[in-house]
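Below are the chains, spelled out letter by letter.
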Amino acid sequence: MTAPSGPKYRIPSILRLCIEESRPAVLIAFQLRYFAGIALALAVDPGLGARPVLQAVFGSLAWFGAIFYTYLYNGCMDYHEDQVNGSARPIASGRLPRHTALLVARGAAVASLISAACAGFGPLLLCTAMLLLGHAYSAPRTVWKNSTPAAMGVVFLSGLLTYAAGPLALGVSPSSPALFLTALAMSLWMALVGAVAKDFSDIEGDTAAGRRTWAVTLGERRTRVLVAAGAVAVGTFFTAGALRWAPEQLPTACVVLVGGLTLAAVTLAGHATDDRHLRRRPYRFFMVTQHCAHLALLGQAVA
């Protein structure tokens, strides 16, 4: 099946399918991280709010484009594995032609760099780094996605870059204790929890593709233990760090701690199953926790 061919609806339909392929929940999560960095920068120096907001808007558009490219390109490169896994995503299901998605992804990368240039040199530098990381994660010559440690490294760095991008768009150094602690903790949350938990639902496809993820090499049971331990460790670290260095971040840290404990219980209670929906449950708890944590942070900043 191909995208709708009517002249009036073709482009909107293709863009909708590309956004679906690039995982809207992930796109939202990265925007929340970006604006969390801005909120934490403003908390230190409220005078930053008097600066033109256009820089922050261009930075947000640039970051959206970079993440959109990263995940859409990943879908193009993963379509064989996604088909083995029975994924319903647009490319794997045949609703979005792969060559069309590649064209849109490349256009998004160019638009991302243009927007970043409008935001300033700092955002342009970080956006370029983010695009290179996203490309290397899936590109055939590097395929960092094939190894869990490499994937964790990419995810961790992408988190740090995102939290720094917002403040740099405002022309301020991202160096406050609260911002540093939050960026470190939530990037670890991405690397130690999300980057590992996402593989539970893709074991068959990863095995067929010859990937060496922990879920494949260590087995699902051992990997579940590692995910649970990572979730609790990050929640505990964030809470202890907030108590010691950034008390204002304690509500956000507590959200992560509660989410980590819940995720650990759900992950350890799980067992091997052919139901891809059930296998993905730990990753969904990971995603909900980080959304709630950032909404709590932004809500506190607005209040």
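Residues numbered from 1 in each chain as written. Predicted model: local features only at pLDDT ≥ 70, side-chain atom pairs only at ≥ 80, totals over all residues. Heavy atoms only, no water.

Draft legend 1. Quick look at a nonpolar patch on the surface. Judged by side-chain polarity, V53, L54, V57 and L61 come together as a nonpolar surface patch covering roughly 370 Å² of accessible area. Among the secondary structure elements, V57 is positioned in helix α3 (residues 54-77). (Patch = residues over 30% accessible without salt bridge, like charges linked within 9 Å, V, L, I, M, F, W, Y side chains within 5 Å. Areas by Shrake-Rupley, 256 points an atom, 1.4 Å probe, with all protein chains shown as cover. Salt bridge = Lys/Arg side-chain N within 4 Å of Asp/Glu carboxyl O. Helix = DSSP H or I, 4+ residues; strand = E, 2+ residues; numbered from the N terminus.)

Draft legend 2. Quick peek at the state of the cysteines. As enumerated under the stated definition, the model contains zero disulfides in all. Left unpaired, C118 is separated from the closest cysteine sulfur, that of C127, by 11 Å. (Disulfide = S-S within 2.5 Å.)

Draft legend 3. Here's a closer look at unusual backbone geometry. Although it is not a glycine, R23 adopts a positive phi angle of roughly 65°. Relative to the helices and strands, R23 is located in the loop between α1 (10-21) and α2 (24-44). One non-glycine residue with positive phi stands out, namely V143, at about 35°. Relative to the helices and strands, V143 resides in the loop between α7 (121-138) and α8 (148-169). A relative accessible area of 23% means that V143 is categorised as partly exposed. (Buried < 20%, exposed > 50% of the residue type's maximum accessible area, 1.4 Å probe, protein only.)

Draft legend 4. Molecular detail of α3. Counted at 1.5 Å a residue, the expected span for α3 with its 24 residues is 34 Å, and the 34 Å between its end C-alpha atoms agrees. With 17 of its 24 residues buried, α3 lies for the most part within the structure. (Expected span 1.5 Å × (residues − 1).)

Draft legend 5. Summary view of the pattern of salt bridges. By the definition in use, this model includes 10 salt bridges. The salt bridge partner of K145 is D78, with a shortest N-O separation of 2.4 Å. In this pair, K145 sits in the loop between α7 and α8 while D78 sits in the loop between α3 and α4 (79-84), placing the two residues 67 residues apart along the sequence. With relative accessibility at 4%, the residue K145 sits in the buried group. Judged by relative accessible area, D78 falls into the buried class, the value being 8%. A salt bridge links R279 to E220; the shortest N-O distance between them is 3.9 Å. Here the residue R279 occupies a position in helix α14 (residues 276-279), and E220 occupies one in helix α12 (residues 220-245), the gap between them amounting to 59 residues. Judged by relative accessible area, R279 falls into the buried class, the value being 8%. For E220, a relative accessible area of 11% corresponds to the buried category.

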